[in-house]
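A look at the structure
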Amino acid sequence: MERVVHVPLGSRAYDVVIGPDLLAQAGKRIAPLLKRPRVAVLSDETVAALHLESLRAGLAEAGIEMEALALPAGEATKGWPQFTRAVEWLLEQKIERNDIVVAFGGGVIGDLAGFAAAVLRRGVRFVQIPTSLLAQVDSSVGGKTGINAPQGKNLIGAFHQPTLVLADTAILGTLTERDFLAGYGEVVKYGLLGDATFFDWLEANAPAMAAGDMALRVEAVARSVQMKADIVARDETEQGDRALLNLGHTFCHALEAATGYGDRLLHGEGVAIGCALAFELSARLGLCSQECPSRVRAHLKAMGMKTDLADIPGDLPSAAELVALMGQDKKVVGGKLHFILARDIGEAFVTADVPQEKVLEVLEDALRQCA
Ligand code: GLY
């Protein structure tokens, strides 16, 4: 059932291995990369409580010892204080240039540990073992690493590609339904941005996949990772095409900022709502038929996901305030908002040419349904 996706980046190329029970094989998979049988693992307290001993046993099978540091779970960890703690801990463990750091957790741990590996002794190799669906299909692949600044999310970081990614799809069984579906927001995004047949496949198979079918989980993660690998291979440092991966994210970041980057709206939930809004905006601009946003919303609803602004608990700011929050996003270039819009399902493109009044109109109509 296992699948391997190769990320072809020359001297920085690597494999993403996807399948159930990879934790048990972690030692066998990582051993060929090691100069000495020892790794340092950065994790979070939730993942460590559930899975650290399985990882330790998997590494021990190949005679690899492991030291681990578990940071507090949650987005607040992704800042200077815990980053400093992690880097100093790695130095205390005497991690050398030829050693490997293992990032064992969701997106927060992957981004923080990857950035720690990027700067430790001017760069050591790291292996990603992503434990959330979001991290398996998105953040563990492609080499974006970093932490948040008081001025905004992900503003401090580096491109540093992992040496190997082990996406154990059996681990997904310990996620809450909400976390799983939030990660699924990023899976849908791939179909919507570049592969209509994948979206068709998801419409037919995602309910059974969410219910636990392992072969479908492996297929969904592998197809998502393959799309990301193709895009990253074309545009590693986001000079062009890689921005397509931000479909739904301009709306999403405004909604996350408005809701405090917390439990009211998870990132993947914001991506799903943002994708629905991006298709609505595309239809209003005459780029695609109204059937497209209707189909996107119907699928999200069928999956039991947050789909509309009305699904976000609590009050939201006005449309004008949301547009102002979009203006603080990283994707503003030369003062212009960059949007990912679509000509059809699976046919997204990047543009800076979006009349602000149309964005306001889409948001005002979406907010009206909240009243
Ligand atoms: N998550 C978007 C990217 O990796 O470019």
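In this report, the structure presented in the accompanying data block is examined.

Calculation notes
- Residues numbered from 1 in each chain as written.
- Predicted model: local features only at pLDDT ≥ 70, side-chain atom pairs only at ≥ 80, totals over all residues.
- Heavy atoms only, no water.
- Helix = DSSP H or I, 4+ residues; strand = E, 2+ residues; numbered from the N terminus.
- Rg over C-alpha atoms; globule rule 2.2 N^0.38 Å.
- Contact = heavy atoms within 4.5 Å.
- Areas by Shrake-Rupley, 256 points an atom, 1.4 Å probe, with all protein chains shown as cover.
- Lys, Arg positive; Asp, Glu negative; His and termini not counted.
- Charge placed at Lys NZ, Arg CZ, Asp CG, Glu CD.
- Phe/Tyr/Trp six-rings, centres within 6.5 Å; stacked < 30°, edge-to-face > 60°.
- Buried < 20%, exposed > 50% of the residue type's maximum accessible area, 1.4 Å probe, protein only.
- Near = heavy atom within 4 Å.
- Polar contact = N/O pair within 3.5 Å; in protein donor to acceptor, adjacent residues only side chain to side chain.
- Nonpolar A, V, L, I, M, F, W, Y, C, P; charged D, E, K, R; others polar.
- Salt bridge = Lys/Arg side-chain N within 4 Å of Asp/Glu carboxyl O.
- Pairing = 2+ DSSP bridges.
- Axes fitted to C-alpha atoms, helices over the stretch in contact; angles between N-to-C directions.

The helix and strand inventory of the protein stands at 13 helices and 13 strands. For the protein, whose C-alpha radius of gyration is 20 Å, the value lies close to the compact-globule estimate of 21 Å for 371 residues. Taking the principal axes of its C-alpha atoms as reference, the protein extends roughly 60 × 40 × 40 Å. Across the protein, contacts joining residues at least 24 apart in sequence account for 74% of those joining residues at least 6 apart. Approximately 14,700 Å² of the protein is accessible, and the part contributed by carbon and sulfur atoms is 50%. If the 36 positive side-chain charges of the protein are averaged to one point and the 47 negative ones to another, these points end up 5 Å apart.

Looking at the element boundaries, Ser139 is found in helix 5 (residues 133-139). Apart from the residues within four sequence positions on either side, Ser139 is in contact with Gly107, Asp111, Gln128, Leu134 and Lys144.

This part is about the packing of aromatic side chains. With the rule as written, the count across this model stands at 4 aromatic pairs. Measuring from centroid to centroid gives 5.9 Å for Trp80 and Phe83, while their planes differ by 70 degrees, and the two rings are edge-to-face. Of this pair, Trp80 and Phe83 both sit in helix 3 (residues 80-92), 3 residues apart, which is roughly one turn of the helix. Given a relative accessible area of 6%, Phe83 falls into the buried group. Note on Phe251 and Phe339: the rings are 5.5 Å apart at their centroids and 55 degrees apart in plane angle, and the pair reads as tilted.

In this section: the site of the ligand. Near the ligand, the surroundings consist of Asp138, Lys144, Lys228, Glu238, Arg242 and Leu245. In this structure, Arg242 approaches the ligand through a side-chain N or O atom, which is 2.7 Å from an oxygen atom. For the ligand, the protein covers 88% of the area, taking 200 Å² as the surface of the free molecule. Looking at the shell around the ligand residue by residue, the classes come out as 1 nonpolar, no polar and 5 charged.

Attention now goes to the pattern of salt bridges. Applying the stated criterion to the full structure yields 26 salt bridges. Here Asp111 ties to Lys78 by a salt bridge, and the two come within 2.8 Å at their closest N and O atoms. On the criterion of sequence distance, the pair formed by Asp111 in helix 4 (residues 107-119) and Lys78 in the loop between strand 4 (65-71) and helix 3 is long-range, its members being 33 residues apart. Judged by its relative accessible area of 10%, Asp111 is buried. Take Lys78: its relative accessible area is 5%, and that puts it in the buried class. Through salt bridges with shared partners, a single ionic network connects Glu280, Arg284, Lys358, Glu361, Asp365 and Arg368.

This paragraph deals with the sheet that holds strand 1 (residues 3-7). Overall, mixed pairing links the 7 strands, which are arranged 1-2-9-6-5-3-4 in an open sheet. In this open sheet, the two strands that pair with only one neighbour each are strand 1 and strand 4. Across the sheet, the axes of successive neighbouring strands diverge by a mean angle of 20 degrees, strand direction being ignored. Sheet analysis places strand 3 (residues 38-44) next to strand 4, joined by 7 bridges and oriented parallel. Within strand 4, the residue paired with Ala40 across the bridge is Glu67. In the packing of helix 3 onto the sheet, the strands contacted are strand 3, strand 4 and strand 5 (100-105), and the crossing angle to strand 4 comes to about 165 degrees. Helix-sheet contacts for helix 8 (residues 214-234) involve strand 1 and strand 2 (14-19), and the interaxial angle to strand 1 is about 10 degrees.

Let us look at the environment of Val102. In this fold, Val102 is placed in strand 5. By relative accessible area, Val102 is classed as buried at 1%. Residues Val102 and Ala68, 34 residues apart in the sequence, show an inter-C-alpha distance of 9.1 Å. When residues no more than four places from it in sequence are discounted, the contact partners of Val102 are Ile30, Val39, Ala40, Val41, Leu42, Val127 and Ile129.

Phi at Lys94 takes a positive value of approximately 60 degrees, unusual for a residue other than glycine. Residue placement: Lys94 occurs in the loop between helix 3 and strand 5. Accessibility expressed as a relative area gives 57% for Lys94, which makes it exposed.

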